[in-house]
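# Coordinates in review
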Amino acid sequence: MQFHPMEQFRLEPLFGGDIHWYTPTNATLWMGLAILAIIGLLVMGTRKRAIVPSRTQSVAELAYGFVYSMVEDVAGKEALKYFPYIMTLFIFIVFSNFLGLIPMSYSTTSHMAVTVVLALMVFISVTVLGFYLHGIKFLGLFWVSSAPLALRPVLAIIELISYFVRPVSHSIRLAGNVMAGHAVIEVFATFAGSILIAPLAMVGIVAMFGMDVLVAFIQAYVFTILTCVYLKDALHPSH
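The paragraphs below set out a description of the structure included in this document. Keep in mind it's a predicted model, so treat the numbers as computed, not measured. Throughout this description, residue numbers start from 1 for each chain and increase along the sequence as written. Residue-level local features of this predicted model are given only where pLDDT is at least 70; pairs of side-chain atoms are given and counted only at 80 or more, and the full residue set underlies all totals for whole chains, interfaces and linings. Calculation of side-chain values draws on the structure's entire complement of heavy atoms; hydrogens and water are dropped beforehand.

## A look at the nonpolar core
Joining through side-chain atoms within 4.5 Å is the link that ties buried Ala, Val, Leu, Ile, Met, Phe, Trp, Tyr and Cys residues into a set, and such a set is a nonpolar core. Remark: exposure states derive from per-residue accessible area (1.4 Å probe, protein chains only) relative to the maximum for the residue type, with buried under 20%, exposed over 50%, and partly exposed in between. With 45 residues, the main nonpolar core has V71 and L231 as its most contacted residues. Sorting the residues of this core by element identifies α1 (26–44), α2 (55–75), α3 (83–99), α4 (112–134), α5 (152–191) and α6 (198–235) as the ones contributing at least two each. Elements are defined by DSSP. Helices are runs of H or I of four residues or more, strands are runs of E of two residues or more, and each kind is numbered from the N terminus. Here this core gets 11 residues from one element, more than from any other, and that element is α3. Any two residues having at least one pair of non-hydrogen atoms within 4.5 Å are treated as being in contact. Every residue in contact with L231, bar those within four places of it in the chain, is listed here: A75, A79, Y82, I86, V126 and L129.

Here it is as structure tokens:
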């Protein structure tokens, strides 16, 4: 029996031909659908705002309040001016993750090119912000003043390396978890073709799908809360 669980992550042009930087692909399509869904929820769903909210308005307000509280609790009130950017990240990742759970869809957040761009945007933004606000004092982020003097240079090197690894771990964590869940479901689906193990395979599919639903939200939450942590370092770089 031959199966290719990674085939579902292959980029395919929508209209045939070779893939270039300008070619519409399945990833482009599903990112566009995610944006349309977000507009439907946050713009169209809240257009008729009411004291007694509709279901759509309630979901939009819940998402807004959830991210707002996260930014304030993790990075402080000074970070609230950057709330729109963080809200955009969270809601885009959430919708992309959940749309990727639809059968025959394409999970854009399993594509490293997407998650790397998101992570680099965060990394570059907070780094530029840190130097803009604090100048050379931003380097205090890497100098652990509470440590013994002899250890500070070594710790500074470790802190510097860990800082530049941030976009790598930030992007791989999201793409890897999303990709792994989808690949395991594909494996179980392949085994479901056998009469002997079909019931067990179906149980595995249902269990993994439920796990993927949790992962879809948790990974968006983790990506966003790490963004808040990095933003806090840019606002308050001293150890």
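## Overview of the packing of aromatic side chains
Two rings from Phe, Tyr or Trp (for Trp, the six-membered ring) form a pair when their centres sit within 6.5 Å of each other. Planes less than 30 degrees apart are called stacked, planes more than 60 degrees apart edge-to-face, and all others tilted. Tallied over the entire structure, the rule returns 14 aromatic pairs. Ring centres of Y64 and F83 lie 4.8 Å apart, and the angle between their planes is 70°; this geometry places the pair in the edge-to-face category. Taken together, the residues span a long stretch of sequence, with Y64 in helix α2 and F83 in helix α3 at a distance of 19 residues. Judged by relative accessible area, Y64 falls into the partly exposed class, the value being 44%. You can call F83 buried: its relative accessible area is 6%. With centroids separated by 6.1 Å and ring planes inclined at 90°, the aromatic side chains of F90 and F217 adopt a geometry described as edge-to-face. In this pair, F90 is assigned in helix α3 and F217 in helix α6, connecting sequence segments 127 residues apart. For F217, a relative accessible area of 36% puts it in the partly exposed group. Put simply, the rings of F123, F131, F138, F142, Y163 and F164 touch in pairs and so form one group of aromatic residues.

## Focus: the packing of α3 against α6
Packing of α3 against α6 leaves a shortest axis separation of 9 Å and a crossing angle of 160°. The angle between α3 and α6 places the two elements in the roughly antiparallel class. Between α3 and α6 lies a crossing whose hand is right-handed. Packed against α3, whose contacting residues are I86, L89, F90, I93, V94, N97 and F98, the element α6 presents V213, V215, A216, F217, Q219, A220, Y221, F223, T224, T227, C228 and L231 at the interface. When the residues that make up the contact of α3 with α6 are grouped by side-chain class, the tally is 15 nonpolar, 4 polar and no charged. In this analysis, axes come from line fits to C-alpha atoms, helices being fitted only over the stretch in contact, and the angle between any two N-to-C directions falls in the range 0 to 180 degrees. If an angle is under 35 degrees, it is roughly parallel; if it is over 145, roughly antiparallel; if it lies from 65 to 115, roughly perpendicular; otherwise it is oblique. In this scheme the crossing of two helices becomes right-handed for a clockwise turn of the near helix relative to the far one and left-handed for an anticlockwise turn of less than a right angle. Side-chain classes follow a simple rule in which Ala, Val, Leu, Ile, Met, Phe, Trp, Tyr, Cys and Pro form the nonpolar group, Asp, Glu, Lys and Arg form the charged group, and the remainder, Gly included, forms the polar group.

## Considerations on the environment of Q8
Its location among the elements puts Q8 in the segment before α1. C-alpha of Q8 to C-alpha of L33: the two residues are 25 residues apart in sequence and 18 Å apart in space. Apart from residues lying up to four places away in sequence, Q8 is in contact with Y106, H182, A183 and E186.

## With respect to α2
Here the expected span of a helix is defined as 1.5 Å times the quantity of residues minus one. When the terminal C-alpha atoms of α2 are compared, their 30 Å separation across 21 residues agrees well with the 30 Å that a helix rising 1.5 Å per residue should span. Those residues of α2 not exposed but buried are Q57, A60, A63, V67, M70, V71 and A75. All buried residues of α2 project into a common sector of 165° when viewed along the axis, lining one side. α2 presents R55, L62 and D73 as exposed residues on the side facing more than 90 degrees away from its buried surface. The inward-facing, buried residues of α2 contact α1, α3 and α6. The directions from the helix axis to the C-beta atoms form the arc being described.

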